[in-house]
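Examining the three-dimensional arrangement
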Amino acid sequence: MSDLKELFREKAELVAAKVTDIKSMDEAFAYAAKYVAEKNPCELLIPSSPDAPQPEFLEEKIMAAPELSDDQYAALAKECEAKGVKLIKSGMRDLMAGIDAGFTICDAGFVETGSIVQQSNGEELRLATMVSEAHIAVLPVSKIFEDSIAAEKLLLELMSGVAYTAVITGPSRTADIERTLAIGAHGPLELHILLLED
Amino acid sequence: MHNAENLKEYREDMQEALDNEFLRKSMDAFAVGYRENRAKAFADINETELIKKIADCKDYAVKNNAALLQQFTEEAEKRGVKVHLAKDAEEANALIAKIAKDNDVKKIIKSKSMTSEETLLNHYLEDEKFNVIETDLGEWIIQMRHEGPSHMVMPAIHLSRYQVQDLFSERVGEKLDSDPVKLTKVARRELRRDFADADMGISGANFCVAENGHIGIATNEGNARLTTTAPRVHVAIAGIDKLVPKLTDALTALKALPRNATGQALTSYVTWIGGANECAIGEDNKKEMHIIFLDNGRSKIAEDEMFSQIFRCVRCGACANVCPVYRLVGGHQMGHIYIGAIGLILTYFYHGEEKAKNLVHNCINCGACKSICAGGIDLPGLIKELRARLNEDNGMPMETNLLGKVLKNRKLFHSLLRFGKWAQTPVKKGPYLRHLPLMFMKDQGFRSFPSIADKPFRDRFKEIKPMVHNPSHRVALFSGCVQDFVYPEQMEAAVKVMARHNVAIDFPMDQSCCGLPVQMMGEKQATIDVAKQNVDAFEGTNCDYIVTLCASCASHLKEAYAELLEGDRKYKEKVKRFSAKIIDFSSYAHDVLGVSTEDFNKSSEKVAYHASCHLCRELKVVDQPRNLIDMAGEYAPSAEEDVCCGFGGTFTVKFPELSSTLLDKKLTNIEATGAKRLVADCPGCLLHLRGGSNVRENGMKVTHIAELLAENLK
Ligand code: SF4
Ligand code: SF4
């Protein structure tokens, strides 16, 4: 198992994900709150008014964690409060201009490509992982698979009804101008994967 | 977007591309860089096995398309999706416009979809007064420039950062930095509002999975995710060829798609959408979702035994990435909307003969695309077949017709070649012709043409045929026209090498041209006729191997003949026997004769090598010639050894500008090794390389590998 974990780390880092080991969810919450508190302010991608000077930044730090259990949400909220970070779980449609981070727990990881799988049926979660500058995702080590084919059964389950399933490999990127790699096209500029030993 | 009316205009357009220095440089860097990245990406993967799996799955999907469509529709409808089938582009566009109207849509955002490019959807919607915005960075750039894509994966690859800088500066009304990373941020900022307030999102789909009614979309930027999430209406458009039976089929294809496209193990996002998902601004908190399946001639092609393989295409764009012609002229000249090798073919089917008739000639038949295609499609084979079909439909151009007729009659053909010897006397100068008569005159000065030999190999053979009593095995030689009539000394050298190994050698006199040149011109009947002649010519010979010194002949005789004659009951078995015996000279000398360093006085001469397309890719002979060179001399490796020299038979006559540019590149790389000797396994390449060296006066001795061996025999 730890072999898979190390291989996963290697592959995920190759695609510019930041991978960190954690021992508990509490550690994940602390990591996320601290990271957001210390990060540069989020740039607003939609002007707040037609003649607002550009660039414009979000005045407070905002993290969205739409699908945590109540206990988890409360624990994260406590960490955030201590650091002066505003935690939300809904209202993403009003924040399309951008927020600092989206916090999620993912459903699987693939060693082959260093990818995470995020079931995103809920719209709040989907938007939180799209318009945030950093996506912070907890990946339980027990959910690391060799590759997508090895996880086929799980994937089919995730897709059993009306579903929106995202396989995410590193931050958003493009090379459309002179084939020069640019990180952060329309999605997050950073992907943090917190490997939870479970 | 290729719009030239005729070959002349097309050549002018291409000259313009050739003169575009930025394009030249950036395409060169791309071609070299891509090859390395791709190799790295496939390092841990059994490529052949993977490609075979994809091909098998797609072939199955084509055969069962109707059933898959039905299954998909049921699954998707269960999930609240409305599924439509459009018979052509017009119908698809109209359907989408109607959905937009019914939903009171004003602003539409799009993520990248080649299928919507195929139907020219943007034009249609704009004419209907919708505000349509492409959100993929490359697509957005070309949309603002009113251009078509120049690559299927990187649509703006033809543009420099400075062109993008100007475009974006104009848009935002201030002078911006030219740094691509900063320019990307501009797009991120400029487009976010459009994501936020668009009413409808249009996406493509890389896969449509029948078993669970899901579509899969692979992107790097994350724009497809926003396109399919933010607006209240989502319309996906996909060719019916995107249907696959199971999720695992799509997952398998996804192992090859990004690796082949950009050398990435996987794109940043693969998004699987199954049904009308939650949407806060939709009716009942649900998205309005439609999937438009486009036929546009696909179901008809699916019934075509030969061309149905085009549906194995996963649109990775790699057949452009490795194509030497694409590298020279870029996507706007190497396709209409679809680009690269597959683009030439799809243009014919989706955008008509008119658009395709010039394009289909712009393939040099080097096989580079075929060797990396994620679906294992025989792209050059299909392009040749298209030429034949175009000829059938439009009548044969005169010179093609004439050559076809002449070739059918071997004696006539050979006496014309002999006659050529006399006809050329006034213009002959040394071993090179200063000018060639008639149609060969124009724009051919970059390379001198050889003259016809005084005595063809067929007339010399009797004198040099070795006498052997107890031969270890028997060989029959196939010379091909060039070595028979232009370079008989290459054949003689081969005989000299073989003679020392106790081999019985024969040369069947009824053999003729292998037929590849007429096939390249699209003359199908003549191709078949000469194939039969040659099979018959060797049928009576008692031999274990048929050895040829021409890589192009070898690959044509070995691979194409069986296909050409497969339908002919009389020849079916004969051709199998024939093809099984065909072997190229290097493989024969190395693997069968087993020549070794013992046979040679290894000289200290530095020898460069050109790996002929048909040898290294079609026949996959890679090590043997290099080992042989090192036995007789000092092998001097050169850059891009296996990139085409630009000959391509009729290609060099049709597109002299491209042919000479490729030749220049090739010779520059060879000269850089410092070698003054160059060998290859194909008389066509040799003719080209020797003629080019002559014009460049680089002092290069250009010979067949057999001549190098013969010279240095102990
Ligand atoms: S065979 Fe060569 S020239 Fe022709 S399309 Fe393929 S790569 Fe291009
Ligand atoms: S034809 Fe083959 S190489 Fe070309 S885009 Fe399609 S799958 Fe890729």
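Residues numbered from 1 in each chain as written. Chains lettered and ligands numbered in written order. Predicted model: local features only at pLDDT ≥ 70, side-chain atom pairs only at ≥ 80, totals over all residues. Heavy atoms only, no water.

For chain B, an unreviewed UniProt entry supplies the name (Fe-S)-binding protein and the organism Halodesulfovibrio spirochaetisodalis.

By the naming in an unreviewed UniProt entry, chain A goes by Lactate utilization protein B/C and is assigned to Halodesulfovibrio spirochaetisodalis.

1. Brief notes about the overall build of chain B
Helices and strands together make up the secondary structure of chain B, namely 35 helices and 21 strands. For chain B, whose C-alpha radius of gyration is 28 Å, the value lies close to the compact-globule estimate of 27 Å for 714 residues. The principal-axis extents of the C-alpha atoms in chain B amount to approximately 90 × 60 × 50 Å. Of all 714 residues assigned to chain B, the portion counted as buried reaches 64%. Counting only contacts in chain B whose residues sit at least 6 apart along the sequence, the fraction spanning at least 24 positions is 78%. As displayed, chain B has an accessible area near 26800 Å², and 51% of this comes from carbon and sulfur atoms. Seen as two clouds, the 94 positive and the 97 negative side-chain charges of chain B have centres 3 Å apart. (Helix = DSSP H or I, 4+ residues; strand = E, 2+ residues; numbered from the N terminus. Rg over C-alpha atoms; globule rule 2.2 N^0.38 Å. Buried < 20%, exposed > 50% of the residue type's maximum accessible area, 1.4 Å probe, protein only. Contact = heavy atoms within 4.5 Å. Areas by Shrake-Rupley, 256 points an atom, 1.4 Å probe, with all protein chains shown as cover. Lys, Arg positive; Asp, Glu negative; His and termini not counted. Charge placed at Lys NZ, Arg CZ, Asp CG, Glu CD.)

2. Some words on the sheet that holds strand S7 (residues 132-140) of chain A
All names here are of chain A. Spatially, the six strands line up as an open sheet ordered S1-S12-S7-S4-S2-S3, and their pairing is parallel. The open sheet is flanked by strand S1 (18-22) and strand S3 (85-88), the only strands paired with a single partner. The mean angle between the axes of side-by-side strands here comes to 20 degrees, regardless of whether they run parallel or antiparallel. Inspection of the sheet shows S7 paired to strand S12 (residues 190-196) by seven bridges, in the parallel sense. The partner of Ala134 across the bridge, within S12, is Glu190. Along the sheet, helix H4 (residues 123-131) makes contact with strand S2 (61-64), strand S4 (99-105) and S7, crossing S7 at roughly 120 degrees. (Pairing = 2+ DSSP bridges. Axes fitted to C-alpha atoms, helices over the stretch in contact; angles between N-to-C directions.)

3. A word on helix H16 (residues 340-351) of chain B
Residue and element names in this part refer to chain B. Of all 12 residues that make up H16, 11 are buried, and the element is covered over most of its length. Listing the buried residues of H16 in full gives Gly340, Ala341, Ile342, Gly343, Leu344, Ile345, Leu346, Thr347, Tyr348, Tyr350 and His351. As for H16, its buried residues are in contact with helix H6 (114-118), helix H13 (298-302), helix H14 (318-321), helix H17 (353-359), helix H18 (368-372) and helix H19 (379-394).

4. Topic: the environment of Lys408(B)
Residue and element names in this part refer to chain B. By the element assignment, Lys408 lies in helix H20 (residues 398-408). Judged by its relative accessible area of 37%, Lys408 falls in the partly exposed class. Sequence separation between Lys408 and Pro508 is 100 residues, and the spatial gap between their C-alpha atoms is 17 Å. In this structure Lys408 touches Gln525, Ala526, Asp529 and Gln533, once residues within four positions along its chain are discounted.

5. Looking at the UniProt feature "domain: LUD" (unreviewed entry) in chain A
UniProt tags residues 6-196 of chain A as "domain: LUD" (unreviewed entry). Here residues 6-196 of chain A is 28% helix and 29% strand, with 13 Å between the C-alpha atoms at its ends. (UniProt positions renumbered as here; feature names shortened; annotations may be inferred.)

6. Some details on the nonpolar core
Core analysis: the biggest nonpolar cluster contains 97 residues, and Leu477(B), Met498(B), Tyr561(B) and Phe585(B) have the highest contact counts within it. The residues contacting Tyr561(B), other than those within four sequence positions of it, are Cys514(B), Val530(B), Ala531(B), Asn534(B), Val535(B), His556(B), Val575(B), Phe578(B) and Ser579(B). Ala108(A), Leu247(B), Ile337(B) and Cys644(B) belong to the second-largest nonpolar core, a separate cluster that totals 91 residues. (Core = buried A, V, L, I, M, F, W, Y, C linked by side-chain atoms within 4.5 Å.)

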